[in-house]
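Chain by chain, the residues run as shown.
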Amino acid sequence: VRHDLRVIRAVALKDVRSSLTERLFTVISILLPLNFLLLFLMFVLTGGEAPTAVVLQDSGPYAQGLVQAMQDSQSFIIQQTDAETAQRLLEQGRIVAIVTVPANFDAALQGGQSVSLPVTVNNLNVDFTNDIRRAVPLAITSFYAQTAPDQVVVHANEIDVQPHDTGYIEYLAVSILVVSLLIGGLLQAGSIAAREYETGTIKELLLAPANRWAIETGKVLAAMALNVLSAGLVLGVVVLVLGVWPEHWLQVIVFTLLVMLTFVAIGLLIGTVVRRRTAVIPLSIGLGLPVFFISGAFGPVQWGTPLLAAIAQMQPVYFAIAVFQYAFHGFQTTPFSLTANALVLVGFTVVIVGASAAALRLRATP
Amino acid sequence: VKRELRAIMAIVKKDITVWIRQPTAVAATLLPAMVLIGVLYVGAASVGRNPVALVVEDDGPHAQALRSILQDSDAFSVTELTADDAAAALRSLRVAAVITIPASFDRAFDAHQAAPVQIQINNLNLDFTNDLRRSLPAAITEFYADQPNGANPIAVDVEETDRFVQHHGVTLSPGFCGGPTGIESEAEFVESYAQLQVTLATRVEVLPQFPGKPRDYVLERLQRMNVQIRTHTAVAKVTSDAVITQSGETIQA
């Protein structure tokens, strides 16, 4: 046992030192997961609310009520302004639409007459235009439900399952943390394994009087040590910058180690099989992205197509996102319990480490 | 020049041959792209339609009308369930929300009393949650819009102006004015040329031989497709860029 421990330590130290000699690659592989986090968050920041100018030509209570209904509809980012400024903002592309509440709005409604609400839309694309087309009538109905509840009697009565709402960024940041661990793990471990084949040192390593499992474990530990840097960086941004404070810190730490182990094992397997870093790098980044999309990063995959849900459950990222969403937000995002998700992850890790050890065989050059 | 071209060809050939001889390089190039295309193809089918369980406890006409709107909604993928099954589906993440039209819906609606439609949302994140929060009021808006004249209390309508005036297509209903052939042509134009703003001009009514529900349905569909409808519009002249009606009005293309 003592000999095996010495082998593990020696292999781990050797791999960390080798990686640190390639400073540029190490820095890039540590920063790349953070890059993913920032990239995805930029997509989310635009949100689903359309920037809209409201030109209020009537200051009566009905007109004010309509603007309030628009504000409550979660469809607009409203800016009250005059007609000229609104037109300029529309032409500059800074708003999607102008809604003008005409001067006779209150008088017409009080007199029981119909009134038209002029809406000018920047119809650059159908997506924005249809959002506005849907949202304005919705706000009008909500306005009626508020101001004339005896006339518009049908309304939505909402009951939430979760005790509080969670913003999309807060939810997605946790999923991105997982994909960062995945890409970091694949890159670090894949490169460590492939480097042995590229430099030809795999021959000496396997001919040495050491157990293969000990060699494999040493490489896993080295990759995990390097991956901890990038995981810590991403975790720091998620917690300190984005303010996503975990509900269960201990579980975050335990699951980070477990998930890192799983992904590092997959990286070792890929590096051992492809034996070239030029192949490991595009595979790590290229496979990380689609796996991220199918694993329930944006919400439970069961809410998508059955085929997508079936594919998602065949790989560990799905279960990794589930345990992290629980650790951060207390959410259940799969039909399985937390223990079941964690056990499946452990099972994946055991199988992948075994497959990786089996793939580690003597072959000096690629 | 010929020599340089030969050199370029030789280098291209050599590099491609080297690439093909390395299965890992081929896999690293093609596999991620293929997987991503597959994922996007499978994932695109579910975009924008949240799975929702619908519990209808009232079989009155108003409840059935709302049920029909919810089932046809682009925002939901609706499964009708009993209250118990819907609760179980929500717990096991098979649906994102449960919408319940209560047993008292029609009675309350007819009596002008509050008729709440309950929506229970698994508010995991605001993306899904806000979609659902918007979609039920949108269905209620449609429910009111479908009420017969005089029964719709909403007197505010939207007058839309598009910043970019699109190219305009005018369909002149052939033969028996505004008949099925004209409507079919109309739909074809809209589907084939999404960038066109299409107007249907007909001498009498749309589908005069199918009054009532069939005509209402077609009108509603055309409105959803953003088709402008001009009934009782006889055409006097068609030029290369406009249609001139007998009343002297010019519809620019």
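Turning to unusual backbone geometry, a few remarks are in order. All names here are of chain B. Here Leu93, not a glycine, exhibits a phi torsion of approximately 65°, which is positive. Inspection of the secondary structure puts Leu93 in the loop between α4 (83–91) and β3 (97–101). A relative accessible area of 1% places Leu93 in the buried class. Backbone geometry at His112 places phi at a positive 55°, although glycine is not the residue there. Tracing the backbone through its elements, the reader meets His112 in the loop between α5 (105–110) and β4 (115–121).

Taken together, the contact pairs 65 residues of chain B with 71 residues of chain A. Measuring nitrogen to oxygen at the nearest pair gives 3.4 Å for the salt bridge that ties Arg133 of chain B to Asp160 of chain A. Linking chain B with chain A are 21 residue pairs in polar contact (both at pLDDT 80 or more), by the criterion used here. Listing elements by their share of the side of chain B that touches chain A, those giving two or more residues are α2 (23–44), α5, β4, α6 (126–145) and β5 (156–162) of chain B. Sorting elements by how many residues they give to the side of chain B that touches chain A places α6 of chain B first, with 14 residues. Per-class residue counts for the side of chain B that touches chain A are 37 nonpolar, 18 polar and 10 charged. With 7 bridges connecting them, strand β5 (residues 154–160) of chain A and β4 of chain B associate as parallel partners. Residue pairing in the sheet places Asn157 of chain A in a bridge with Gln118 of chain B of β4 of chain B.

In total, this model carries 13 salt bridges over all chains according to the counting rule given. Across the pair Asp131 of chain B and Arg134 of chain B runs a salt bridge whose closest N-O atoms are separated by 3.2 Å. Pair noted here: Asp131 of chain B and Arg134 of chain B are both in helix α6, with a separation of 3 residues, about one helical turn. We classify Asp131 of chain B as partly exposed; its relative accessible area is 26%. One network of salt bridges, in which partners are shared, links Lys14, Asp15, Glu196 and Lys219 of chain A.

All names here are of chain B. Pairing is antiparallel across the open sheet formed by 3 strands, whose spatial order is β9-β10-β11. Each edge of the sheet is formed by a strand with only one pairing partner; in this case those strands are β9 (235–238) and β11 (250–252). In this sheet, adjacent strand axes meet at a mean angle of 20° when their direction is disregarded. Inspection of the sheet shows β9 paired to strand β10 (residues 242–245) by 3 bridges, in the antiparallel sense.

Our focus in this paragraph is the sheet that holds β4 of chain B. Taken in spatial order, the 5 strands of this open sheet run β5(A)-β4(B)-β3(B)-β1(B)-β2(B), and their pairing is mixed. Of all strands in the sheet, those bounded by a partner on one side alone are β5 of chain A together with β2 (76–80) of chain B. Looking at each pair of strands side by side, their axes are set apart by 25° on average, direction ignored. Sheet analysis places β3 of chain B next to β4 of chain B, joined by 4 bridges and oriented antiparallel.

Topologically, Gln120 of chain B is positioned in strand β4. A C-alpha to C-alpha distance of 12 Å links Gln120 of chain B and Ala83 of chain B, two positions 37 residues apart in sequence. The residues contacting Gln120 of chain B, other than those within four sequence positions of it, are Ile159 and Val161 of chain A together with Leu90, Ala96, Ala97 and Val98 of chain B.

Residues and elements named next belong to chain B. Judged by side-chain polarity, Val1, Leu5, Ile8, Val12, Ile16, Trp19, Ile20, Leu30 and Met34 come together as a nonpolar surface patch covering roughly 880 Å² of accessible area. Elements supplying a minimum of two residues to the nonpolar patch: α1 (2–20) and α2. Here the element with the most residues in the nonpolar patch is α1; it accounts for 6 residues. In this structure, Trp19 sits in helix α1.

Turning next to the packing of helix α7 (residues 168–199) of chain A against helix α11 (residues 277–294) of chain A. Residue and element names in this part refer to chain A. Running from N to C, α7 and α11 cross one another at 160°; their axes reach a closest spacing of 9 Å. With respect to each other, α7 and α11 are oriented roughly antiparallel. For α7 against α11, the interelement crossing comes out right-handed.

All names here are of chain A. For the pair α7 and helix α10 (residues 249–274), the least separation of the axes is 7 Å and the interaxial angle reads 40°. Regarding the angle of α7 to α10, the classification is oblique. For α7 against α10, the interelement crossing comes out right-handed. Taken together, the residues of α10 that come into contact with α7 (itself represented by Val178, Leu181, Leu182, Gly185, Leu186, Ala189, Gly190, Ala193, Ala194 and Tyr197) are Thr256, Val259, Met260, Phe263, Val264, Ile266, Gly267, Leu268, Ile270, Gly271 and Thr272.

Summed over all chains, the structure comprises 18 aromatic pairs over all chains. With centroids separated by 6.4 Å and ring planes inclined at 20°, the aromatic side chains of Phe324 of chain A and Phe328 of chain A adopt a geometry described as stacked. Of this pair, Phe324 of chain A and Phe328 of chain A both sit in helix α13 (residues 316–329), 4 residues apart, which is roughly one turn of that helix. Phe328 of chain A gets classed as buried once you look at its relative accessible area, which sits at 1%. When the ring of Phe143 of chain B is compared with that of Tyr144 of chain B, the centres are 5.6 Å apart and the planes differ by 75°; the resulting orientation is edge-to-face. Judged by its relative accessible area of 1%, Phe143 of chain B falls in the buried class.

Residues and elements named next belong to chain A. Helix length check: helix α14 (residues 338–359) (22 residues) gives 32 Å between terminal C-alpha atoms against 32 Å at 1.5 Å per residue, within 8%. Considered for burial, the residues of α14 that qualify are Asn341, Ala342, Leu345, Thr349, Ile352, Ser356 and Ala359. Each buried residue of α14 lies within a common arc of 110° when the element is viewed along its axis, so the set occupies one face. Among the exposed residues of α14, those pointing more than 90 degrees away from its buried face are Thr339, Leu343, Val350, Val351 and Ala358.

What counts and how
Residues numbered from 1 in each chain as written. Chains lettered and ligands numbered in written order. Predicted model: local features only at pLDDT ≥ 70, side-chain atom pairs only at ≥ 80, totals over all residues. Heavy atoms only, no water. Helix = DSSP H or I, 4+ residues; strand = E, 2+ residues; numbered from the N terminus. Buried < 20%, exposed > 50% of the residue type's maximum accessible area, 1.4 Å probe, protein only. Contact = heavy atoms within 4.5 Å. Salt bridge = Lys/Arg side-chain N within 4 Å of Asp/Glu carboxyl O. Polar contact = N/O pair within 3.5 Å; in protein donor to acceptor, adjacent residues only side chain to side chain. Nonpolar A, V, L, I, M, F, W, Y, C, P; charged D, E, K, R; others polar. Pairing = 2+ DSSP bridges. Axes fitted to C-alpha atoms, helices over the stretch in contact; angles between N-to-C directions. Patch = residues over 30% accessible without salt bridge, like charges linked within 9 Å, V, L, I, M, F, W, Y side chains within 5 Å. Areas by Shrake-Rupley, 256 points an atom, 1.4 Å probe, with all protein chains shown as cover. Parallel < 35°, antiparallel > 145°, perpendicular 65-115°, else oblique. Left-handed = near helix turned anticlockwise from the far one by under 90°. Phe/Tyr/Trp six-rings, centres within 6.5 Å; stacked < 30°, edge-to-face > 60°. Expected span 1.5 Å × (residues − 1). Arc of directions from axis to C-beta.

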